[in-house]
Amino acid sequence: QVQLVESGGGLVQAGGSLRLSCLASGSIFKISAMDWYRQAPGKQRELVASIGSSGGTTSYADSVKGRFTISRNNAKNTVYLQMNSLKPEDTAVYYCHLRFASNDYWGQGTQVTVSS
């Protein structure tokens, strides 16, 4: 069983920064790719960033390239999303995600609100 717990969301002004964290339980974290998704009101959940199990491979949605950075610390079973130059359109609930053996695991989400 895998549990994911996000933290670090909040209210920030446009141009500001936040760092999200996702703490994972279980040993499969270290061998699993991790993702951050977000879902804005009335919109579908979208993939924001991904990172390989060792942290050597990352990818980003075009909308966040150059502003967001995904990273992980396998010793702490934690994945991070550093978000800089935030825009009002980044407002959403952010979820971390792990897929293993055809099972999808999601955290409860953390709200990020960017005011203009």
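Because the structure is a prediction, the values reported are computed rather than measured.

**Student:** An account of the overall build of the protein chain is needed here, citing residue identities and associated values.
**Tutor:** From N to C terminus, the protein chain includes zero helices and eleven strands. N-terminal to C-terminal, the α/β element order of the protein chain is β-β-β-β-β-β-β-β-β-β-β. Here the protein chain has a C-alpha radius of gyration of 13 Å; the compact-globule value for 116 residues is 13 Å, and the two agree. Projected onto its principal axes, the C-alpha positions of the protein chain cover 40 × 25 × 20 Å. The buried share of the protein chain, reckoned over its 116 residues, is 44%. For the protein chain, long-range pairs separated by at least 24 residues make up 53% of all intrachain contacts whose partners lie at least 6 apart in sequence.

**Student:** Describe the sheet that holds strand S7 (residues 68-73), with residues and values.
**Tutor:** A sheet is described by the order of its strands in space; here four strands give the open sequence S1-S3-S8-S7, paired in antiparallel fashion. Among the strands making up the open sheet, the edge pair consists of strand S1 (4-7) and S7. Across this sheet, the average inter-strand angle for adjacent strands is 15 degrees, counted without regard to direction. Bridge count between S1 and strand S3 (residues 18-24): four bridges; the pairing is antiparallel. Note on S3: the bridge partner recorded for Val-5 is Leu-23.

**Student:** Tell me about the side chain of His-97, and please be specific about residues and values.
**Tutor:** Along the chain, His-97 turns up in strand S9 (residues 92-100). One polar contact links His-97 to Asp-35, side chain to side chain, over a distance of 2.8 Å. Among the polar contacts made by the side chain of His-97, one reaches the side chain of Asp-104 at a distance of 2.7 Å. With residues up to four places along the chain from it excluded, the contact list for His-97 reads Leu-4, Ala-33, Met-34, Asp-35, Tyr-37, Asp-104, Tyr-105 and Trp-106.

**Student:** Describe in detail the nonpolar core, supporting the description with residues and values.
**Tutor:** Residues Leu-4, Trp-36, Leu-81, Met-83 and Tyr-94 are the most contacted members of the largest nonpolar core, which totals 30 residues. Those elements that place two or more of their residues in this core are S3, strand S4 (34-39), strand S5 (46-51), S7, strand S8 (78-83), S9 and strand S11 (110-115). Those residues in contact with Met-83 that sit more than four places away from it in its chain are Gly-16, Ser-17, Leu-18, Leu-20, Arg-67, Phe-68, Tyr-94 and Val-112.

**Student:** Outline the environment of Gly-109, listing residues and values.
**Tutor:** By the secondary structure assignment, Gly-109 is in the loop between strand S10 (103-106) and S11. Overall, the relative accessible area of 14% leaves Gly-109 in the buried class. Expressed as a C-alpha distance, the spacing of Gly-109 and His-97, which sit twelve residues apart in the sequence, is 9.9 Å. Setting aside residues up to four positions removed in sequence, Gly-109 forms contacts with Glu-6, Val-93, Tyr-94 and Tyr-95.

**Student:** Tell me what's going on with the pattern of salt bridges, and back it up with residues and numbers.
**Tutor:** By the definition in use, this model includes five salt bridges. Its salt-bridge partner being Arg-38, residue Asp-90 comes within 2.9 Å of it at the nearest N-O pair. Of this pair, Asp-90 sits in the loop between S8 and S9 while Arg-38 is found in strand S4, placing the two residues 52 residues apart along the sequence. We note that Asp-90, like Arg-38, is buried. The partner of Arg-99 in a salt bridge is Asp-104, and the shortest N-O contact between them spans 2.7 Å. In this structure Asp-104 comes out as partly exposed when scored by relative accessible area, which is 39%.

Scoring rules and cut-offs
- Residues numbered from 1 in each chain as written.
- Predicted model: local features only at pLDDT ≥ 70, side-chain atom pairs only at ≥ 80, totals over all residues.
- Heavy atoms only, no water.
- Helix = DSSP H or I, 4+ residues; strand = E, 2+ residues; numbered from the N terminus.
- Rg over C-alpha atoms; globule rule 2.2 N^0.38 Å.
- Buried < 20%, exposed > 50% of the residue type's maximum accessible area, 1.4 Å probe, protein only.
- Contact = heavy atoms within 4.5 Å.
- Pairing = 2+ DSSP bridges.
- Axes fitted to C-alpha atoms, helices over the stretch in contact; angles between N-to-C directions.
- Polar contact = N/O pair within 3.5 Å; in protein donor to acceptor, adjacent residues only side chain to side chain.
- Core = buried A, V, L, I, M, F, W, Y, C linked by side-chain atoms within 4.5 Å.
- Salt bridge = Lys/Arg side-chain N within 4 Å of Asp/Glu carboxyl O.

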